[in-house]
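# Results of the structural survey
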Amino acid sequence: MTLRRGQMGDVSALTRIHRAAFEHPWSESDFAAYLASDLVWVSGEQIAGFLLIRAVGDEAEILTLAVDSAHRRAGHAAALLDAAKQDLAKTDVSRLFLEVAADNFPALALYERQGFLPIGVRKGYYRRDVGPNMDAQLLSYALRAEH
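Now for a look at the structure at hand. (Residues numbered from 1 in each chain as written. Predicted model: local features only at pLDDT ≥ 70, side-chain atom pairs only at ≥ 80, totals over all residues. Heavy atoms only, no water.)

## A word on helix α4 (residues 105-113)
Those residues of α4 that sit buried are Ala107, Leu110 and Tyr111. All buried residues of α4 fall inside an arc of 95° around its axis, so they share one side. Looking at α4, the residues exposed on the side facing more than 90 degrees away from the buried face are Phe105, Glu112 and Arg113. The inward-facing, buried residues of α4 contact β4 (59-67), α3 (76-89), β5 (95-101) and β7 (134-142). With a side-chain oxygen positioned 3.2 Å from the backbone nitrogen of Ala107, the residue opening α4 is Asn104. (Buried < 20%, exposed > 50% of the residue type's maximum accessible area, 1.4 Å probe, protein only. Helix = DSSP H or I, 4+ residues; strand = E, 2+ residues; numbered from the N terminus. Arc of directions from axis to C-beta. Contact = heavy atoms within 4.5 Å. Polar contact = N/O pair within 3.5 Å; in protein donor to acceptor, adjacent residues only side chain to side chain.)

Here it is as structure tokens:
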């Protein structure tokens, strides 16, 4: 799997996949705005899944990661993360961050297997339509040893 720049033609597919994966999905205009930015990459394999990353200076943040429901549990998310880490390691980025809902156990397990470490919690960060808001677990991955 290789990283590639997202294209405006990807907006509908990204929106569809995101809508199926998240309670509060992003709109087509959200994806269009991210795709227009020079700081964001979208990666995917025939849009079976995608990973959106923003890099600024020596840090990068995973904004969202989603895999089409027909392609889940097939290693796409891990492959996307591996490709992103390899691509970012060729840049000045030294650390990759993300946040994930504290009750998203499959995602937490994936990130743990990928070498991400917990660095903090944002209380009540994720708004829920039913029940209390959910904490966000903050995770970090070192792309190279820090001095």
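## With respect to the packing of aromatic side chains
Any two aromatic rings considered together are summarised by their centre-to-centre distance and by the angle between their planes. Inspection of every chain in the model, using the stated rule, returns six aromatic pairs. Between Tyr125 and Tyr126 the ring centres are 5.1 Å apart and the planes differ by 90°, which places this aromatic pair in the edge-to-face class. Put simply, the rings of Trp26, Phe31, Tyr34 and Phe50 pair up and form one aromatic cluster. Lying across the ring of Tyr141, Lys85 places its NZ or CZ 4.2 Å from the centre. When the ring centre of Tyr125 is taken as origin, the NZ or CZ atom of Arg122, which lies over that ring, is 5.5 Å away. (Phe/Tyr/Trp six-rings, centres within 6.5 Å; stacked < 30°, edge-to-face > 60°. Lys NZ or Arg CZ within 6 Å of the ring centre and 35° of its normal.)

## Overview of the nonpolar core
With 23 residues, the main nonpolar core has Leu51, Ile62, Leu65, Leu81, Tyr111 and Phe116 as its most contacted residues. Listing elements by their share of this core, those giving two or more residues are β3 (49-56), β4, α3, β5, α4 and β7. Take this core: its biggest share by element is five residues, from α3. Residues Ala13, Leu14, Leu35 and Phe50 belong to the second largest nonpolar core, which totals eleven residues. (Core = buried A, V, L, I, M, F, W, Y, C linked by side-chain atoms within 4.5 Å.)

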